[in-house]
Amino acid sequence: MTQHFWNRWSSEYLTLLQSILKWRIVQRNLDIGDLVLIKHDDSPPLQWKLGNVTETFPGKDGKVRVVKVKTQTSELVRPIAKLCTLPITT
């Protein structure tokens, strides 16, 4: 009985935890004018800079993976994994 439980738990529940939702849920591409927070690993989220997307660089599949972001003091090129999109556009 224990072995049966372990087999079902490992084959059904663990594989459910390992599924990657980002590949199953279609998300919209970042677009020019989107407001984003720029993540920094060495600072807390309240100190992340606010930026405005000024240019997008789509890949061969048409999905935006890198953007140019303008902050108050500079312009940066960042991958979208290092950005948090805010639900506000300018």
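Residues numbered from 1 in each chain as written. Predicted model: local features only at pLDDT ≥ 70, side-chain atom pairs only at ≥ 80, totals over all residues. Heavy atoms only, no water.

A. Molecular detail of the overall build of the chain. Check the secondary structure of the chain and you find 1 helix and 5 strands. Sequence-ordered secondary structure for the chain, helices as α and strands as β, is α-β-β-β-β-β. Considering only contacts within the chain whose residues lie at least 6 apart along the sequence, 39% involve residues at least 24 apart. Carbon and sulfur atoms make up 59% of the accessible area of the chain, which amounts to about 7,400 Å² in all. (Helix = DSSP H or I, 4+ residues; strand = E, 2+ residues; numbered from the N terminus. Contact = heavy atoms within 4.5 Å. Areas by Shrake-Rupley, 256 points an atom, 1.4 Å probe, with all protein chains shown as cover.)

B. The arrangement of the pairing of strand 4 (residues 75-79) in detail. Two elements, strand 3 (residues 64-70) and strand 4, share 5 bridges in a ladder whose sense is antiparallel. Directly across from V66, in strand 4, lies its bridge partner P79. (Pairing = 2+ DSSP bridges.)

C. Local environment of the environment of Q47. Assignment of secondary structure puts Q47 in the loop between strand 1 (34-38) and strand 2 (49-58). Residue classification places Q47 among the exposed residues on the basis of a relative accessible area of 55%. Separated by 10 residues in the primary sequence, Q47 and L37 place their C-alpha atoms 9.5 Å from one another. (Buried < 20%, exposed > 50% of the residue type's maximum accessible area, 1.4 Å probe, protein only.)

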